[in-house]
Amino acid sequence: MTFRQFAIKNVQRNYKAYLAYFLSSTFSILVFFLFAVNLFHPKIGESFTSGPVHAVLSAGEFAISIFSLLFILYSVGTFLKMRSKEIGLLMMLGATRKQLNRLISWENIIIGLTAMVTGITAGLFLSKYFLMFASMILEVSELEFYMPVKAIILTITCFLIIFGLISKLAPFAVRSKEIIELLKGNQKPKDPPKASLWLSITGFIWIAAGYLIVVLEFAIPYDLGVIAILVSAGTYLFYSQLSVFILMRLTSLPPLFFHKTNLVWITDLVYRMKDNARLLFVITITCTVSFTTMATFFAIYQSVDEEYAKSYPIPFNYSSYSSDAHRDQNLAIISSILAEEGLLYTTVSVPFLEFDSDSSQKTGAISNQGYNRIAELLNREPLQLQTGEAIEVPVWTNKANTRITIKEHEAVHLGSNSLRIIDAVQDNLFPEGSYRKLYVLNDTDFEKQDSVLNKGVYYGYLVPDWTEASRAAEKINAQIGTDWSAFKYRSSPDWYQTDQLTYKLMLFVGTFISIVFFIAAGSFIYFRFYTDVQEEKGKYRKLRKIGMTNREVNQIITVQLAILFFIPVILAALHSVFALQMLQTRVSTSIGSFATSIIFLFLVAWSIYFLFLRSRYLRSLLEEA
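Basis of the calculations
- Residues numbered from 1 in each chain as written.
- Predicted model: local features only at pLDDT ≥ 70, side-chain atom pairs only at ≥ 80, totals over all residues.
- Heavy atoms only, no water.
- Helix = DSSP H or I, 4+ residues; strand = E, 2+ residues; numbered from the N terminus.
- Buried < 20%, exposed > 50% of the residue type's maximum accessible area, 1.4 Å probe, protein only.
- Contact = heavy atoms within 4.5 Å.
- Areas by Shrake-Rupley, 256 points an atom, 1.4 Å probe, with all protein chains shown as cover.
- Pairing = 2+ DSSP bridges.
- Axes fitted to C-alpha atoms, helices over the stretch in contact; angles between N-to-C directions.
- Core = buried A, V, L, I, M, F, W, Y, C linked by side-chain atoms within 4.5 Å.
- Parallel < 35°, antiparallel > 145°, perpendicular 65-115°, else oblique.
- Left-handed = near helix turned anticlockwise from the far one by under 90°.
- Nonpolar A, V, L, I, M, F, W, Y, C, P; charged D, E, K, R; others polar.
- Salt bridge = Lys/Arg side-chain N within 4 Å of Asp/Glu carboxyl O.
- Phe/Tyr/Trp six-rings, centres within 6.5 Å; stacked < 30°, edge-to-face > 60°.
- pLDDT = per-residue confidence, 0-100.
- Arc of directions from axis to C-beta.

1. A short note on the overall build of the protein chain
Item 1. The helix and strand tally for the protein chain stands at 22 helices and nine strands.
Item 2. Of all 625 residues assigned to the protein chain, the portion counted as buried reaches 47%.
Item 3. The contacts of the protein chain with a sequence gap of at least 6 include a subset with a gap of at least 24, amounting to 84%.
Item 4. As displayed, the protein chain offers around 30,700 Å² of accessible surface, 62% of which is attributable to carbon and sulfur atoms.

Have a look at this one:
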């Protein structure tokens, strides 16, 4: 028998031990292949090659490839840990380190090739439904099934590299271990867990500090990075120190510790919490990313209309300078096309001034009367200014990090005049970014301004059904052209459809990746319990021999599983709440309602998975116990 044949026979004989690793590899390949099928579809290539659709799909493919490498690497580590006794026996029989490395490499190649064939085959069967769903998202006619040669080549190439890399890295998992250590496997005696009070307090303080920065909205450089580091480091110390410290404190409370089966599960949980600290940390971070990503993308997609309505309070905007020779012609084009498309509209015209500033964008000013004219159209409160006063109007939408605060005795210099800023409104009038700053002046001050860079008239067309005006916007753009020295024309329907499609695709990709991460988190904990099952069988067999009933065993296992299973996801949900609150300051739409629904759905799914895993785990433990 050749060495290669030995590796093949080894896989065939121990297929149960290899099954979890094979399934995780197949799942990763299937997800990657399905995305590649969409990425290389001829119709998507014709329509979206240079646009955001292709970029979003490519970014999703890259994210999944990184996830696949880490997921498969973790799976193979768990798989090799389960086989430590077998590897120790081979070494005792004379197998060299080089031969073991070859064996592990061959086994990885065999499983990898089999997983690639299975994943791609399953992907070919499922791609039809995936393409149907993608055509709904992209709002194109049905994407027909095709033979995805490029997708197959990309998947094979990518995963050959991944499995080749894993084949080189996997032997390091057993290279440094002695034969006796491998033969003992998980049965070697464990040192009593230790937890530092100071490290426990430090972990708690770091998490609390990250939360406080969010709640109190402290302005610090690189706030997102600082919060992520604080909370991540605190989370690791929570599992490795604080949770162990709390459980060890429970052992010093006799009324609680010696009540029924508490002695057994608390003592055992101290060891399991310490052993699984890194795993629980990874699950918490994975679930946090999953919750936050899906809630954010869903909120952004649902708020596209609202965001555009805030960015462009008036959908069609035409700012005409004094040099605009085609003003009447262009305004007639806009009016006629809107009427031709059956769109009702209301117009408003307001004179404006532009002043030079220290940036590429100009400082703008409108009169009190002009502001009130627009405010009436938009159902906003009118303003009333006295001579020498000014009110600042935002040039960006109203968000937590763009709100204007006015200092006492603050003034603005426009031309040769200095005006006292008495207040600020918080909702923009013109399209976002039209000016560096914008002020409302008293009508008399507005008329007397000198040293003006530009004078002009703003014309706005308020269209209630602006979301249906994309075709009108295309026609207007085609006919009036562009001449930034004479006029500026901007409309929300120009970009609305493109952005709506982009956000819908981001939601699709983000949701898919979130679900993949969520499944991965469940797989991590499943692999861990599956690895420990043999050791746990012996433990519970001895407990039953000394008189513990099946009901008590079930109770101990259920309590331990519930704690290990739900603490990471509850902590992840808490992290997500604060992460989303941080993101809330950067968007004007409310994320809270979407986040609550999504986290609730994830918790329901996690609870169902817990019941399934508990049932299987109990059956595996008690069938031979």
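Read on for the rest.
2. Considering the sheet that holds strand E5 (residues 411-414)
Item 1. The mixed open sheet is built from nine strands, whose spatial order is E5-E6-E4-E7-E3-E2-E8-E1-E9. Looking along the sheet, the strands with just one partner apiece sit at the ends: E5 and strand E9 (487-491). Within the sheet, the average angular offset between the axes of one strand and its neighbour, ignoring direction, is 35 degrees.
Item 2. In the sheet, strand E4 (residues 389-393) pairs with strand E6 (residues 417-424) via four bridges, with the strands oriented parallel.

3. Concerning the nonpolar core
Item 1. Among the nonpolar cores identified, the biggest contains 102 residues, and Phe159, Ile283, Phe291, Phe529, Ile557, Phe565 and Trp606 are the most heavily contacted of them.
Item 2. In terms of residue count, the dominant contributor to this core is helix H20 (residues 493-545) (15 residues).
Item 3. Apart from the residues lying within four places of it in its own chain, the contact partners of Phe529 are Arg272, Leu561, Leu564, Phe565, Leu613 and Tyr617.
Item 4. Residues Leu343, Ile476, Phe487 and Tyr489 belong to the second largest nonpolar core, which totals 24 residues.

4. Regarding the pairing of strand E7 (residues 437-441)
The two faces of the sheet receive side chains in turn, since in a regular strand these alternate between them.
Item 1. Taken across its five residues, E7 has four buried, putting it largely inside the fold.
Item 2. Bridge count between strand E3 (residues 363-367) and E7: five bridges; the pairing is parallel. The partner of Ile366 across the bridge, within E7, is Val440.
Item 3. Bridge count between E4 and E7: four bridges; the pairing is antiparallel. Bridge assignment links Ile391 to a residue of E7, and that residue is Val440.

5. Notes on the packing of helix H14 (residues 277-302) against helix H21 (residues 550-584)
Item 1. Put simply, H14 and H21 touch, their axes get as near as 8 Å, and they point 40 degrees apart. Considering their axes alone, H14 and H21 lie oblique with respect to each other. For the crossing formed where H14 meets H21, the hand is right-handed. Across the interface between the two elements, Leu280, Ile283, Thr284, Cys287, Thr288, Phe291, Thr292, Ala295 and Thr296 of H14 pack against Leu564, Pro568, Val569, Leu571, Ala572, Ala573, His575, Ser576, Ala579, Leu580 and Leu583 of H21.
Item 2. Among the residues making up the contact of H14 with H21, the classes are represented as 14 nonpolar, six polar and no charged.

6. With respect to the pattern of salt bridges
Item 1. A full pass over the atoms with the stated rule returns five salt bridges.
Item 2. The salt bridge partner of Glu341 is Lys475, with a shortest N-O separation of 2.6 Å. Taken together, the residues Glu341 in the loop between helix H16 (327-340) and strand E2 (346-355) and Lys475 in helix H19 (residues 470-480) connect sequence positions 134 residues apart.
Item 3. Here Lys475 falls in the partly exposed class, since its relative accessible area comes to 28%.
Item 4. The residue Glu389 makes a salt bridge to Arg420 at a minimum N-O spacing of 3.5 Å. Separated by 31 residues along the polypeptide, Glu389 in strand E4 and Arg420 in strand E6 bring together distant segments of the chain.
Item 5. Of the residues examined, Arg420 reaches a relative accessible area of 44% and is grouped as partly exposed.
Item 6. Among the charged side chains, a network of salt bridges with common partners joins Glu340, Glu341, Arg471 and Lys475.

7. Observations concerning the packing of aromatic side chains
Item 1. Applying the stated rule across the entire model yields 25 aromatic pairs.
Item 2. Pairing Phe291 with Phe518 gives two aromatic rings, centres 6.3 Å apart and planes at 45 degrees, and the pair type is tilted. Here Phe291 is found in helix H14, whereas its partner Phe518 is found in helix H20, with 227 residues between them in sequence. Per residue, the accessibility class of Phe291 equals that of Phe518, and both read buried.
Item 3. Aromatic pair Tyr321 and Phe352: ring centres 5.8 Å apart, planes at 75 degrees, arrangement edge-to-face. On the criterion of sequence distance, the pair formed by Tyr321 in strand E1 (residues 316-321) and Phe352 in strand E2 is long-range, its members being 31 residues apart.
Item 4. Exposure remark for Phe352: the relative accessible area of 2% places this residue in the buried category.

8. Observations regarding unusual backbone geometry
Item 1. Positive phi outside glycine occurs at Asn379, with the angle close to 60 degrees.
Item 2. Relative to the helices and strands, Asn379 resides in the loop between helix H17 (368-377) and E4.

9. Considerations on the confidence of the model for the protein chain
Item 1. When pLDDT is averaged along the protein chain, the result is 80, and 84% of the positions lie at 70 or above.
Item 2. H17 holds the highest mean pLDDT among the elements of the protein chain, 94, whereas helix H9 (residues 179-184) holds the lowest, 55.

10. A few points about the side chain of Ser470
Item 1. Relative to the helices and strands, Ser470 is located in helix H19.
Item 2. Dropping the residues within four chain positions of it, Ser470 is found in contact with Pro493 and Gln497.

11. Observations regarding helix H15 (residues 304-311)
Item 1. All of the buried residues in H15 are Val304, Glu307, Tyr308 and Ser311. In an axial view of H15, the angular spread of the buried residues amounts to 95 degrees, which keeps them on one side of the axis.

12. Some thoughts on the packing of helix H10 (residues 197-215) against H21
Item 1. Packing of H10 against H21 leaves a shortest axis separation of 9 Å and a crossing angle of 30 degrees. The pairing of H10 with H21 is recorded here as roughly parallel in orientation. By crossing handedness, the relation of H10 to H21 is classed as left-handed. For the pair formed by H10 and H21, the contact residues are Ile207, Tyr211, Val214 and Val215 on the first element and Leu574, His575, Phe578, Gln581 and Met582 on the second.
Item 2. Classifying every residue of the contact of H10 with H21 by side-chain character gives seven nonpolar, two polar and no charged.

13. Points about the environment of Val516
Item 1. Mapped onto the fold, Val516 is located in helix H20.
Item 2. You can call Val516 buried: its relative accessible area is 5%.
Item 3. Separated by 226 residues in sequence, Val516 and Ser290 place their C-alpha atoms 8.4 Å apart.
Item 4. Once residues lying within four places of it in the same chain are set aside, the contact partners of Val516 are Phe27, Val31 and Phe67.

14. Topic: the environment of Ile227
Item 1. Note that Ile227 resides in helix H11 (residues 223-250).
Item 2. For the pair Ile227 and Ile207, spaced 20 residues apart in sequence, the C-alpha separation works out to 8.6 Å.
Item 3. Setting aside its immediate chain neighbours within four residues, Ile227 contacts Gly210, Ile213, Val214 and Met582.

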